[in-house]
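Below, each chain spelled out in residue letters.
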Amino acid sequence: MAKPASLIHTPGWVTEFRKFIMRGNVVDLAVGVIIGAAFTAIVNSLVKDLFNPLLGLLIGGIDFSNLFITLKGPHLATLADAQKAGAVTLNIGLFLNAVLQFLIVAFAIFWMVKVLSSFHSRQEAQDAADAPPPVPTKTEVLLEQIRDELAVANKGADKA
């Protein structure tokens, strides 16, 4: 016979894990990773399909992705051919592509964060403008009453 649900003991770490997983920054991080993966595909295409051909044209028609140095093995025309032949290569072009992709991602994220921060600042300013004035505390109300009574007492003393 199964135990009633109220008698089943849940380990303490399960509750801690639930709290950890449901924290806002963990969920935000997960969303960021997913968006980052999708964004990486866009940047890869931007670098491979747009920037590399332009850079290759500017530096004399060199295919940037095939910029490599053969350390050991046959010296072939393309990186793919050299790798198929088992050559040991320094893949300078692929490294430069990775650096370029990183710089593009960093630049795009910088501007995205800058734009989102300005939207956030505007929203905070709008919320502050729309918010009703804060309700005075009991201490503030009491101090205002004391101030008002002192002002009345001072006016009475001036007339006498």
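Small disclaimer: the values here were computed from a predicted structure and weren't measured. (Residues numbered from 1 in each chain as written. Predicted model: local features only at pLDDT ≥ 70, side-chain atom pairs only at ≥ 80, totals over all residues. Heavy atoms only, no water.)

Turning our eyes to something else, we now look at the overall build of the protein chain. Regarding its fold elements, the protein chain presents 5 helices and 2 strands. Scanning the protein chain from its N terminus toward the C terminus, one meets helices and strands in the order α-α-β-α-β-α-α. In summary, the protein chain has a C-alpha radius of gyration of 33 Å against a globular reference of 15 Å for 160 residues, an excess of more than 25%. Relative to its full complement of 160 residues, the protein chain shows a buried share of 9%. Taking all contacts inside the protein chain whose residues are at least 6 apart in sequence as the whole, residues at least 24 apart take part in 39%. Per element, the accessible surface of the protein chain, about 13,100 Å² overall, is 69% carbon and sulfur. (Helix = DSSP H or I, 4+ residues; strand = E, 2+ residues; numbered from the N terminus. Rg over C-alpha atoms; globule rule 2.2 N^0.38 Å. Buried < 20%, exposed > 50% of the residue type's maximum accessible area, 1.4 Å probe, protein only. Contact = heavy atoms within 4.5 Å. Areas by Shrake-Rupley, 256 points an atom, 1.4 Å probe, with all protein chains shown as cover.)

Let us look at a nonpolar patch on the surface. On the surface, Ile69, Leu71, Val88, Leu90, Ile92, Phe95, Leu96, Val99, Phe102 and Leu103 cluster together into a nonpolar patch covering about 890 Å² of accessible area. Here the nonpolar patch gets 6 residues from one element, more than from any other, and that element is helix α4 (residues 92-130). Secondary-structure assignment places Val99 in helix α4. (Patch = residues over 30% accessible without salt bridge, like charges linked within 9 Å, V, L, I, M, F, W, Y side chains within 5 Å. Salt bridge = Lys/Arg side-chain N within 4 Å of Asp/Glu carboxyl O.)

Glancing now at the pattern of salt bridges. Tallied over the entire structure, the rule returns 1 salt bridge. In this structure, Arg147 and Asp148 form a salt bridge, with 3.2 Å as the shortest nitrogen-oxygen distance. A relative accessible area of 51% means that Arg147 is categorised as exposed. In this structure Asp148 comes out as partly exposed when scored by relative accessible area, which is 40%.

Here we come to the environment of Ala87. Within the fold, Ala87 resides in the loop between α3 (79-84) and β2 (88-90). C-alpha separation for the pair Ala87 and Pro74, spaced 13 residues apart in sequence, amounts to 6.1 Å. Sequence-distant contacts of Ala87, defined by excluding residues within four places in its chain, comprise Thr70, Lys72, Gly73, Pro74 and Ala82.

Turning to the confidence of the model for the protein chain, a few remarks are in order. With 92% of its residues at a pLDDT of at least 70, the protein chain reaches an overall mean of 83. Per-element confidence in the protein chain ranges from a low mean pLDDT of 81 for helix α2 (residues 24-58) to a high of 92 for β2. (pLDDT = per-residue confidence, 0-100.)

Of note, Thr70 is situated in strand β1 (residues 69-72). In contact with Thr70, other than residues within four places in its own chain, are His75, Ala87, Val88 and Thr89.

As a further point, take the packing of aromatic side chains. The geometry of two aromatic rings is summed up by the distance between their centres and the angle between their planes. The full count for this structure, using the stated rule, is 2 aromatic pairs. Seen from their ring centres, Phe107 and Trp111 are 6.2 Å apart, and the 70 degrees between their planes marks the pair as edge-to-face. A residue pair is termed a helical-turn pair when its members lie 3 or 4 positions apart in one helix, as Phe107 and Trp111 do in helix α4 at 4 residues. A relative accessible area of 55% means that Phe107 is categorised as exposed. Here Phe110 and Trp111 contribute two aromatic rings whose centre-to-centre distance is 5.2 Å and whose plane-to-plane angle is 80 degrees, an arrangement assigned as edge-to-face. The exposure class assigned to Phe110 is partly exposed, which follows from its relative accessible area of 47%. Taken together, the ring pairs in this structure connect Phe107, Phe110 and Trp111 into an aromatic cluster. (Phe/Tyr/Trp six-rings, centres within 6.5 Å; stacked < 30°, edge-to-face > 60°.)

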